Structure formats: C-alpha cells, structure tokens
Amino acid sequence: MSLDEETTTAAGNVGRNIADIENVTLTSIGTMPDLSELTAPSTAVYRQYDFNHTPDKTLPIFPERDRILDTIESNMVTVIQGPTGCGKSTQVPQYILDSCASRGAPCNIIITQPRRIAAITVARRVSNERDWPLPSIVGYHVGLNNQTSEDTRLTFCTTGVLVQKMINKKTLEGYTHVILDEVHERDMDMDFAILIVRKLCFTTSRHIKVILMSATFNVTKFADYFTVSDIQRKVHMPVPVIDLDKSKSKNRIINYYLDQLGVLGPVSGVG
C-alpha cells in the first residue's frame, strides 16, 4: 500500500472531522501567494534576544549546515535523513532561525515530536544551549501544557497538537516552517499530520516550508508523496533528500536480537 493510500485509509478509519480540509480546492501549480498579504511573524524579537551563538561544530550535521539551508530555501519540501545523534532535531530549527534572523526575515517554526517527553526534552536542550529562558523565543506545547509566549519562534510540540491546530484553523498561516521529526514512526497522528500538511501546503498555506526528518533508510516514499508532477502542465517538482553521512554519527548504535541480549547482562525470562 502506498503512503497516499495508507494515510487516506487512516483518515477514513478514525472519526476526526477533516472534511473541511479535504474540500479545500487545489490552486493552480506555480501561482504563489503574495507574502505581504500573509500574517508574518514580527522580526522585532530578534532585537530582544541574544543571537550571538556558535553552533556545535563537533556534531555530524554541522558540515551540512549550508547545504541544508540552501535546499530548504530553494524548495517547498525537503527530506533530511540522518542517524540518531547527528543533531538534526536540535540543530536544524536553530540553523533556520539564525539564518532568518541574520537576514531580518520573518520566522516562526513549529517542530513535531512523536512523544511528549521528547518535545519537552528537545525544547529544554535548545533553551539551555542558547541560554534563552523557557518559554521565550523557544517553547513547547504538549497536551494542555502550553509553554509558549508571543516571542516564541521555535515551538516544539507533539504531532497530535499540530494536527489539532491544522484541523481547527484549516491553515498554517503564521508559521513559516513546519518540521515533522521522526516521520518513520508511523502512528495515527503522524499519518494525519503528513496528509493534512501536504493538503495545506498546496492550497491555503503555499508559503510554508516543510521539512521531513527521519533516521531510517527508506525515506523515498515520503519524498515521492510530496513530489508534484503534472504532465499536461509540464511541471515536475521532485523533493530533494539530504542524506547525512551515517559514518559521522556521534553515537554508536548497535542492534541486538532477543537471544543476544545476554551480552548486555542478565536478562530475566530469556532462555
């Protein structure tokens, strides 16, 4: 089953009201909205916080910083594949924010994590790394716990929170970038998020930059799902995939099967 079929099936199997979003009519490809008409986040926040920061150059993702920024700037959708520990979850949002701040460009990024503890942990990590209070320019939103403010430009949230925002507003206006992290963890909320983001970024929110991030090898189906191809209009917009060098992962990852767990120590119930 293709990703399109899987997400459509998921939508049909759950009693969530996304009918209004599904009825949004696709606008013609190539017709971009006037960004001046959108509600752009204020750039005054850049003067209120310290942006003098040197990124961690020891992280495997750092040498790819410029390529990542150039690719995101040049494409509506970007897929980033990198191993666990390379720094993509904490660094990519900061790279984008720092780039926008240096140019005085509006920026408001929402980043999803599959679990509440992950969203809170990553937000606190970025807050500590930049010496920014929490909530301030960085914050998090998990369930009913909304630790964001008017200054927040990096919002880490659970996937379910983003889904509810999109269902309620039928648009992503106010955000400039949507980062779906750990997209390989295919639960119901992630499938909904992918489906609705794809719909909105081709309709009511065509100014949005979408970044999909995954630690797995098979990311081509996500790229294919967002690829625009129209033979009649002679339009083909493939989604670029940035594959970070796995050999540079800061963390060593070893897979063990159940009958091999004994090498880690005594395991109860393993014969």
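Below is a summary of the structure that appears in this document. (Residues numbered from 1 in each chain as written. Predicted model: local features only at pLDDT ≥ 70, side-chain atom pairs only at ≥ 80, totals over all residues. Heavy atoms only, no water.)

**What to know about the sheet that holds strand E7 (residues 209-214)**
Argument step 1. With mixed pairing, eight strands are arranged side by side in an open sheet as E4-E3-E5-E2-E6-E7-E1-E10. Looking at strand neighbours, the two that pair on one side only are strand E4 (145-147) and strand E10 (241-243), the edges of this open sheet. Strand-to-strand twist of the sheet, defined as the mean angle between neighbouring strand axes without regard to direction, takes the value 15°.
Argument step 2. Where strand E2 (residues 109-113) and strand E6 (residues 177-180) come together, four bridges link them in parallel fashion. For Ile111, the partnering residue across the bridge sits in E6 and is Ile179. (Pairing = 2+ DSSP bridges. Helix = DSSP H or I, 4+ residues; strand = E, 2+ residues; numbered from the N terminus. Axes fitted to C-alpha atoms, helices over the stretch in contact; angles between N-to-C directions.)

**Here's the deal with the packing of helix H6 (residues 159-169) against helix H7 (residues 188-201)**
Argument step 1. Relative orientation of the contacting elements H6 and H7 amounts to 40°, with a least axis distance of 9 Å. As judged from the angle between their axes, H6 and H7 are oblique. Remark: the crossing between H6 and H7 carries left-handed chirality. The residues of H7 that touch H6, namely those facing Thr159, Gly160, Val163, Met166 and Ile167, are Asp189, Met190, Phe192, Ala193, Ile196, Val197 and Leu200.
Argument step 2. For the contact of H6 with H7, the per-class residue count stands at nine nonpolar, two polar and one charged. (Parallel < 35°, antiparallel > 145°, perpendicular 65-115°, else oblique. Left-handed = near helix turned anticlockwise from the far one by under 90°. Contact = heavy atoms within 4.5 Å. Nonpolar A, V, L, I, M, F, W, Y, C, P; charged D, E, K, R; others polar.)

**A short note on the pattern of salt bridges**
Argument step 1. Summed over the entire model, instances satisfying the criterion amount to seven salt bridges.
Argument step 2. The salt bridge involving Arg103 is made with Glu73; its shortest N-O contact spans 4.0 Å. Of this pair, Arg103 sits in helix H4 (residues 88-103) while Glu73 sits in helix H3 (residues 65-74), and the two are 30 residues apart along the sequence.
Argument step 3. Asp191 is the salt-bridge partner of Arg186, the closest N and O atoms lying 2.6 Å from each other.
Argument step 4. What makes Arg186 partly exposed here is its relative accessible area of 25%. (Salt bridge = Lys/Arg side-chain N within 4 Å of Asp/Glu carboxyl O. Buried < 20%, exposed > 50% of the residue type's maximum accessible area, 1.4 Å probe, protein only.)

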